[in-house]
Amino acid sequence: AEISSAMPDACRYFDDINHRILDDPRVRIIIEDGRNYLALTDQKYDVITSDPLEPVVAGAANLFTREHFQIAKQRLAPGGIMSQWIPLYELEPRQFLSIVKTFAGVFPRVSVWFTGTDVLMLGSAQPIPIDVERLFERMQSPRVHQDLQDIGLDDPYRLLGCFLFEIT
């Protein structure tokens, strides 16, 4: 779900980087506010990603609330995972901790990763194991390796070094 109808056209400018994602038959873009879409659909998803604007931007704070996280959790299929991006450069430590605490209050299992500038939280009802052997295997895929190389995380140890902590 994407709130801006201009985004699919803008996405085309990045076809060489995003692997022409809009041409993937599994991808369907819904032009609608993502929070409202989740609240109104009965569809279940294996993965829900939330990559909103910074929480200090008007309206974006609604995507960092207990209610939003609860709605997303209800829309996850069994074994599903929610991914929540948190930009650190606009937050004070207490605001960051508030988001983490709110997220962990909804998801029984939380894995927190630091990218160098931002934090990524993964939430699930089930444990989120780090399968090192599978990670090494997947990172051998040329496409995965190239994508991770583009962001400086093509070394499995460097990627694992992004792991901060787990909340259970």
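Since this is a predicted model, take the numbers as computed values, not measurements. (Residues numbered from 1 in each chain as written. Predicted model: local features only at pLDDT ≥ 70, side-chain atom pairs only at ≥ 80, totals over all residues. Heavy atoms only, no water.)

Help me out: how do you make sense of the side chain of Asn18 in this one?
Its location among the elements puts Asn18 in helix H2 (residues 15-18). Side-chain polar atoms of Asn18 contact the backbone oxygen of Cys11, separated by 3.2 Å. From its side chain, Asn18 meets the backbone nitrogen of Arg20 in a polar contact 3.0 Å long. (Helix = DSSP H or I, 4+ residues; strand = E, 2+ residues; numbered from the N terminus. Polar contact = N/O pair within 3.5 Å; in protein donor to acceptor, adjacent residues only side chain to side chain.)

What's the story with the pattern of salt bridges in this structure? I'm lost.
Pairing between side chains becomes possible if they bear opposite charge and their charged atoms approach one another. On inspection of all chains with the given rule, the structure shows eight salt bridges. Where Arg20 meets Asp15, a salt bridge forms, and the shortest distance between an N and an O atom there is 3.1 Å. The class of Asp15 is buried, set by a relative accessible area of 14%. A salt bridge links Asp23 to Arg20; its shortest N-O distance comes to 2.8 Å. What makes Asp23 partly exposed here is its relative accessible area of 40%. When salt bridges that share partners are traced, they join Arg12, Asp15, Arg20 and Asp23 into one network. (Salt bridge = Lys/Arg side-chain N within 4 Å of Asp/Glu carboxyl O. Buried < 20%, exposed > 50% of the residue type's maximum accessible area, 1.4 Å probe, protein only.)

Looking at this structure, how should I read the packing of aromatic side chains?
Any pair of aromatic rings gets described here by the distance separating the centres and the angle formed by the planes. Across all of its chains, the model carries four aromatic pairs by this definition. Each ring, one from Phe69 and one from Phe103, has its centre 5.0 Å from the other, and the planes form 85°; the classification is edge-to-face. Of this pair, Phe69 sits in helix H4 (residues 66-74) while Phe103 sits in helix H5 (residues 93-106); the two residues are 34 residues apart in sequence, bridging distant segments of the chain. One aromatic cluster is present, built from ring pairs that chain together Phe69, Phe103 and Phe107. (Phe/Tyr/Trp six-rings, centres within 6.5 Å; stacked < 30°, edge-to-face > 60°.)

Could you clarify how one ought to interpret the sheet that holds strand E5 (residues 163-167) in this entry?
Strands pair in a sheet through their backbones, by hydrogen bonds, and they do so in one of two ways: parallel or antiparallel. The five strands lie next to each other as E1-E2-E4-E3-E5, forming an open sheet whose pairing is mixed. On the outer flanks of this sheet lie strand E1 (45-50) and E5, each paired with one strand and no other. Each strand of the sheet is rotated relative to its neighbour by a mean of 15°, with strand direction disregarded. Pairing analysis gives six bridges linking strand E3 (residues 109-114) to strand E4 (residues 118-124), with the strands arranged antiparallel. Residue Val110 lies in a different strand from E4, and its bridge partner there is Gly123. The strands touched by H4 are E1 and strand E2 (76-87); relative to E2, the strand with the most contacts, the crossing angle is about 150°. With respect to the sheet, H5 is in contact with E2, E3, E4 and E5, its orientation differing from that of E4 by roughly 15°. (Pairing = 2+ DSSP bridges. Axes fitted to C-alpha atoms, helices over the stretch in contact; angles between N-to-C directions. Contact = heavy atoms within 4.5 Å.)

Sorry if this is basic, but what is going on with H5 here?
Side chains that are three or four residues apart share a direction in an α-helix, a result of its 3.6 residues per turn. The terminal C-alpha atoms of H5, which comprises 14 residues, lie 20 Å apart, in line with the 20 Å expected from a rise of 1.5 Å per residue. Those residues of H5 that are buried are in contact with H4, E2, E3, E4 and E5. (Expected span 1.5 Å × (residues − 1).)

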